[in-house]
Amino acid sequence: MDDRVAAADAGDLPEIDWDAEGIETELGWAVPLVLQGYIRLGSEAVAEVPGGPRGYQVLVATATEEASSQLVLANRLGIDKTQMTYVIDALEAGGFVERRPDPTDRRVRQVHPTDAGHALLTRTRRALRGAEGVLMRHLSADEQVSMRRLLARVALGAVGVDPAFPHPLAVPERSRRRTHTTTSSTSSTPPQ
């Protein structure tokens with residue numbers, strides 16, 4: 001934590017006069033500040049993951065969704081397909097994912113997390129939640145949950161507002177809980 005964070009923690013936040021409609025009441029002022037803080041703290045939290053934030057997104061998607069190809073993952077996550085190849089290559093070289101033939105079309109390779117990938121995801125998710133806790137330290141636990149849920153709804157609603165902008169695919173139904181199948185060890189316990 002740097003000196004500015006420590007200073008902000010030392011006292012209460014200044015009160016916002018919502019009726020004055022000052023700059024602090026503008027979403028366009030708040031969102032970039034939150035994003036900048038998240039990028040800085042989040043990048044540190046996912047530094048262990050090959051591919052950084054993109055690699056982390058791939059680990060989350062492969063661990064929580066049905067297996068899919070690199071192209072489907074690229075479209076789902078809004079990552080350029082060429083960049084996705086590099087991210088998957090780095091994760092595979094680290095032993096965190098593996099490519100397997102699609103059982104319905106052997107020309108297609110699906111991306112699957114390994115046990116090491118699940119373990120890395122668990123560690124990284126814990127570090128990322130800690131970074132998010134620093135960022136949202138002035139919110140109660142319930143407010144933090146509400147913030148996540150409200151932002152997810154806003155994000156889902158933002159998809160399609162500008163059809164010219166290539167958004168990630170908004171398909172939350174893909175992120176339903178699925179069981180962890182082992183790939184490189186004998187353990188079948190899903191990560192906590």
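Computed from a prediction, not measured in an experiment: that's the story for all the values here. (Residues numbered from 1 in each chain as written. Predicted model: local features only at pLDDT ≥ 70, side-chain atom pairs only at ≥ 80, totals over all residues. Heavy atoms only, no water.)

Caption draft 1: Focus on the nonpolar core. Of all hydrophobic cores here, the largest spans 25 residues; its most connected members are Val58, Leu59, Leu73, Met84, Ile88 and Leu91. Among the secondary structure elements, those contributing two or more residues to this core are helix H2 (27–45), helix H3 (52–64), helix H4 (70–77), helix H5 (81–93) and helix H6 (115–135). Ranked by the residues each element gives to this core, the list is headed by H3, at six residues. Non-local contacts of leucine 91, meaning those with residues more than four positions away in its chain, are made with Val49, Pro50, Gly55, Val58, Leu59, Phe96 and Val97. (Core = buried A, V, L, I, M, F, W, Y, C linked by side-chain atoms within 4.5 Å. Buried < 20%, exposed > 50% of the residue type's maximum accessible area, 1.4 Å probe, protein only. Helix = DSSP H or I, 4+ residues; strand = E, 2+ residues; numbered from the N terminus. Contact = heavy atoms within 4.5 Å.)

Caption draft 2: Structural detail: the pairing of strand S2 (residues 97–102). In terms of strand pairing, S2 meets strand S3 (residues 105–113) through six bridges, oriented antiparallel. Among the inter-strand pairings, arginine 99 is bridged to a residue of S3, identified as valine 111. Counted between consecutive antiparallel strands, the loop separating S2 from S3 contains two residues. (Pairing = 2+ DSSP bridges.)

Caption draft 3: Region of the structure containing the pattern of salt bridges. Applying the stated criterion to the full structure yields eight salt bridges. We note a salt bridge from arginine 100 to glutamate 98, for which the minimum N-O separation is 2.8 Å. Look at the salt bridges and you will find they share partners, linking Asp89, Glu92 and Arg99 into a network. (Salt bridge = Lys/Arg side-chain N within 4 Å of Asp/Glu carboxyl O.)

Caption draft 4: Representation of the packing of H3 against H5 within the structure. In contact at an axis separation of 10 Å, H3 and H5 are set at 75° when each is read in the N-to-C sense. With respect to H5, the axis of H3 lies roughly perpendicular. Contact residues: Arg54, Gly55, Val58 and Leu59 in H3; Gln83, Met84, Val87, Ile88 and Leu91 in H5. Taken together, the residues that form the contact of H3 with H5 break down as six nonpolar, two polar and one charged. (Axes fitted to C-alpha atoms, helices over the stretch in contact; angles between N-to-C directions. Parallel < 35°, antiparallel > 145°, perpendicular 65-115°, else oblique. Nonpolar A, V, L, I, M, F, W, Y, C, P; charged D, E, K, R; others polar.)

Caption draft 5: Quick peek at the confidence of the model for the protein chain. Scored by pLDDT, the protein chain comes out at a mean of 82, with 79% of its residues at no less than 70. Predicted confidence for residues 179–192 stays below pLDDT 50, and this span has 23 contacts to residues more than four positions away or in other chains. (pLDDT = per-residue confidence, 0-100.)

Caption draft 6: Layout of a nonpolar patch on the surface. Residues Ile23, Trp29 and Leu33 make up a contiguous nonpolar surface patch of about 280 Å² in total accessible area. In this fold, leucine 33 is placed in helix H2. With relative accessibility at 43%, the residue leucine 33 sits in the partly exposed group. (Patch = residues over 30% accessible without salt bridge, like charges linked within 9 Å, V, L, I, M, F, W, Y side chains within 5 Å. Areas by Shrake-Rupley, 256 points an atom, 1.4 Å probe, with all protein chains shown as cover.)

Caption draft 7: Representation of the sheet that holds S3. Taken in spatial order, the three strands make up an open sheet running S1-S3-S2, and their pairing is antiparallel. The sheet is open, and its two borders are formed by strand S1 (68–69) and S2, each paired with just one other strand.

Caption draft 8: Here's a closer look at H2. An ideal rise of 1.5 Å per residue puts 27 Å on 19 residues; H2 measures up with 26 Å between its terminal C-alpha atoms. Where H2 is concerned, the buried positions are Gly37, Leu41, Gly42 and Ala45. As for H2, its buried residues are in contact with H6. (Expected span 1.5 Å × (residues − 1).)

Caption draft 9: The arrangement of the packing of H3 against H6 in detail. Closest axis-to-axis distance for the H3/H6 pair is 10 Å, and the angle between their directions is 120°. The orientation of H3 relative to H6 falls into the category oblique. Crossing of H3 against H6: the hand is left-handed. Within the contact between the two elements, H3 uses Tyr56, Leu59, Val60 and Ala63 and H6 uses Gly117, His118, Leu120, Leu121, Thr124, Arg125, Leu128 and Arg129. (Left-handed = near helix turned anticlockwise from the far one by under 90°.)

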